[in-house]
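Descriptive analysis of the structure
Here is how the chains run, residue by residue.
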Amino acid sequence: MKKFNQLALPVTLLALGIHTGLMAQTSKPVKAVNATLETRPHFDDRQDHFTDVDDPAIWIHPGDKSRSVVITALKQGGLDVYDLEGQLLQYIAAATPPPCEDKQTKCGNKGGRLNNVDLIYNVKLGNRHVDIAVASDRGLDKLAIYAINTDKQGKITLEDVTSADAPLIFSHNQAEINQGLTAYGLATVQTDKNMAFVSQNGTTEIAQLELFEDDQGKINYRNMTRLNFPSTFSLPDGTFWTPCSDDDGELPHFEGMVADPANDALYLAQEDVGIWRTSLAKPNDLTQWSLFAKVKKYGVPYSRTWNAAEEEYSCKLDFSQDPGYGSDSLQADAEGLTLYDGGNGKGYLLASSQGNNTVAVYQREGDNRFIDSFTVADGEVDAVNETDGMMVVNVNLGGKFSQGLLVMQDGQNMPAKGQEFGQRESTNFKYVAWGDIAKKLKLPVNTEDMTRK
């Protein structure tokens, strides 16, 4: 069993003075759309380098929007770059793991385990300005940073511009990295600084990092502050609740995150708890912390028993005793978060409700009112299930995506016609036309490109 060191004592929301008493929202029939196309399949086995895809980022081309690309994290597989037809443009292999220490009997090093990826536009690098893709390297506990280059023939390639002096984010040495308490979720943002928010696997800690150019013409980063979110929660009935964990010492961690500078908001999905909003300008101001959406199982009693075969605990929830503090529209795990730009600070926050294979749509501004949900069902392309990461853009990319594009990780990819997977578990990315979603949910569409403004 993997052991996690608890870095801080649990903090309760009662101690923070944060209200957690919203009752469950009334469930509605979930609307369905279909994916337009998909990328190549990947397999989580030795033959395919244990590639389990996770998170996409959509880069908007500054000239011809139809030549925009999708950059995807493949964990141990590295990165794939696709065009808008889902065709592979570039593959970047994962970094080599560091050697095991002398006399080390167990060595689970997973160098180059790229988990999440996000973008920052118009970053000064030497005598040029570049757009960059930033990935969280879960295996090395670092950021991996790539400049997005276009040559004279129009070919788009990613170039590694990570500083050789890039520091560890959470760990102090290789022994700590091997325990797995490393960089996990990621969100980037550009204000007066270029920044990344990075979550730590297995804990409730978030690192706020500033990215900067070093003296070698590469990009490095330094710590700005740390955020420590609660792991135990006070309920309106006066009791306390901690989400059930299958591992001793593992806290309810975060992965999906997204920043919204237009509304001074940072959103963070605590997988077994719900979605938080805090101030982007003052993220450690506890008075700004709001757990505005809670997963269905929030506050539900459970039993926990040891599973010797799996070497972990099994959690059994007792929904017959559900106090009704959670929401039917968000079922654990709460995963990927992404923002649709409706202009003037308006639009939508999308959240992957992994437990029921839906996407919950919230109002971007104000108190983030829940609007509706949708699911991506079987069609010419198979359905989307168990989504981790996703990203939406509102920009007119031409053709099928003239009203924008949503790219989603599919955690249960099924074979296309004529393919055979056998017993191999497959994941890939699905492209969904935003126009189809907007029509089904009766949402206004805005296609103004604000990426470089």
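Everything in this summary refers to the structure shown in the same document. A quick note: this is a predicted structure, and the numbers were derived from the prediction, not measured.

**Here's the deal with the overall build of the chain**
From N to C terminus, the chain includes three helices and 30 strands. Its C-alpha atoms give the chain a radius of gyration of 21 Å, within 12% of the compact-globule value 22 Å for 453 residues. With the C-alpha coordinates aligned to their principal axes, the bounding extent of the chain is approximately 65 × 60 × 50 Å. Taken across its 453 residues, the chain has 55% of its residues classed as buried. Long-range contacts, defined here as pairs at least 24 residues apart, represent 58% of the contacts in the chain between residues at least 6 apart. When the 42 positive and 62 negative side-chain charges of the chain are each reduced to one mean point, those points stand 3 Å apart.

**Some details on helix α3 (residues 434-441)**
Of the positions making up α3, those classed as buried are W434, G435, I437, A438 and L441. Along the axis of α3, the buried residues cluster in a sector spanning 160 degrees; they form a single face. One or two residues past the end of α3 sits K442, with phi positive at roughly 60 degrees.

**Structural notes on the pairing of strand β23 (residues 312-317)**
Sheet analysis places strand β22 (residues 302-307) next to β23, joined by six bridges and oriented antiparallel. Within β23, the residue paired with N307 across the bridge is E312. The turn linking β22 back onto β23 is made up of four residues, and E311 within it adopts a positive phi angle of 55 degrees.

**Description of the packing of aromatic side chains**
Two aromatic rings are characterised by how far apart their centres lie and by the angle between their planes. In total, this model carries 16 aromatic pairs according to the counting rule given. One aromatic cluster is present, formed by F229, F254, W276 and W289 through successive ring pairs. The ring of Y298 is capped by K294, whose NZ or CZ atom sits 5.8 Å from the centre of that ring. Its guanidinium or amino end placed over the ring of Y313, R304 lies 3.6 Å from that ring's centre, counting from NZ or CZ.

**Observations concerning a nonpolar patch on the surface**
Side chains of Y302, L317 and F319 sit close together on the surface and give an oily, nonpolar patch of about 240 Å² of accessible area. Structurally, L317 is set in strand β23.

**Concerning the side chain of T358**
Within the secondary structure layout, T358 lies in strand β26 (residues 358-363). Residue classification places T358 among the buried residues on the basis of a relative accessible area of 8%. Engagement of the side chain of T358 in a polar contact is seen with the side chain of N356, the distance being 2.9 Å. In this view, T358 contacts V30, S329, A351, S352, S353, F374 and T375; residues no more than four positions away in its chain are not counted.

**As for the state of the cysteines**
If you walk through the whole model with that rule in mind, you get one disulfide. At a sulfur-sulfur separation of 2.0 Å, the disulfide partner of C244 is C315. Measuring the twist about the S-S bond at about -80 degrees, one finds the C244-C315 disulfide to be left-handed. With C244 in the loop between β17 (240-241) and β18 (254-260) and C315 in strand β23, this pair connects stretches of sequence that are 71 residues apart. Note on C244: relative accessible area 11%, which makes it buried.

**Thoughts on the sheet that holds strand β13 (residues 194-200)**
The antiparallel open sheet is built from four strands, whose spatial order is β12-β13-β14-β15. A single partner strand is all that each edge strand has here, and the edge strands are β12 (183-190) and β15 (219-228). For this sheet the average axis-to-axis angle between neighbouring strands, irrespective of direction, equals 25 degrees. Taken together, the six bridges between β13 and strand β14 (residues 205-213) define a ladder with antiparallel strand orientation. From the neighbouring strand, N194 faces β14, where its bridge partner is L211.

**Looking at the pattern of salt bridges**
In total, this model carries 22 salt bridges according to the counting rule given. Where D449 meets K65, a salt bridge forms, and the shortest distance between an N and an O atom there is 3.5 Å. Highlighted residues: D449 in the segment after α3 and K65 in the loop between β4 (51-59) and β5 (69-75), separated in sequence by 384 residues. Measuring nitrogen to oxygen at the nearest pair gives 3.4 Å for the salt bridge that ties R222 to E210.

**Overview of empty space enclosed by the protein**
As enumerated under the stated definition, the model contains two cavities of 30 Å³ or more in all. Empty space within the second largest cavity amounts to approximately 60 Å³. Forming the walls of the second largest cavity are 14 residues, and the residues nearest its centre are N357, T358, V384, T387 and M408. Among the secondary structure elements, those contributing two or more residues to the lining of the second largest cavity are β25 (346-353), β26 and β27 (370-377). In terms of residue count, β27 provides more of the lining of the second largest cavity than any other element does, three residues in total. Of the residues in the lining of the second largest cavity, the class split is five nonpolar, eight polar and one charged.

**Quick look at the nonpolar core**
Ranked by internal contacts, the top residues of the largest apolar core, which has 39 residues, are Y298 and Y362. When residues in this core are grouped by element, the largest group, five residues, is from strand β19 (residues 265-270).

Conventions used here
Residues numbered from 1 in each chain as written. Predicted model: local features only at pLDDT ≥ 70, side-chain atom pairs only at ≥ 80, totals over all residues. Heavy atoms only, no water. Helix = DSSP H or I, 4+ residues; strand = E, 2+ residues; numbered from the N terminus. Rg over C-alpha atoms; globule rule 2.2 N^0.38 Å. Buried < 20%, exposed > 50% of the residue type's maximum accessible area, 1.4 Å probe, protein only. Contact = heavy atoms within 4.5 Å. Lys, Arg positive; Asp, Glu negative; His and termini not counted. Charge placed at Lys NZ, Arg CZ, Asp CG, Glu CD. Arc of directions from axis to C-beta. Pairing = 2+ DSSP bridges. Phe/Tyr/Trp six-rings, centres within 6.5 Å; stacked < 30°, edge-to-face > 60°. Lys NZ or Arg CZ within 6 Å of the ring centre and 35° of its normal. Patch = residues over 30% accessible without salt bridge, like charges linked within 9 Å, V, L, I, M, F, W, Y side chains within 5 Å. Areas by Shrake-Rupley, 256 points an atom, 1.4 Å probe, with all protein chains shown as cover. Salt bridge = Lys/Arg side-chain N within 4 Å of Asp/Glu carboxyl O. Polar contact = N/O pair within 3.5 Å; in protein donor to acceptor, adjacent residues only side chain to side chain. Disulfide = S-S within 2.5 Å. Axes fitted to C-alpha atoms, helices over the stretch in contact; angles between N-to-C directions. 1 Å grid on protein atoms, 1.4 Å probe; cavity = no way out; pocket = protein on both sides within 12 Å on 5 of 7 lines; lining within 4 Å. Points joined across faces, edges and corners; volume = space filled by probe spheres on them. Nonpolar A, V, L, I, M, F, W, Y, C, P; charged D, E, K, R; others polar. Core = buried A, V, L, I, M, F, W, Y, C linked by side-chain atoms within 4.5 Å.

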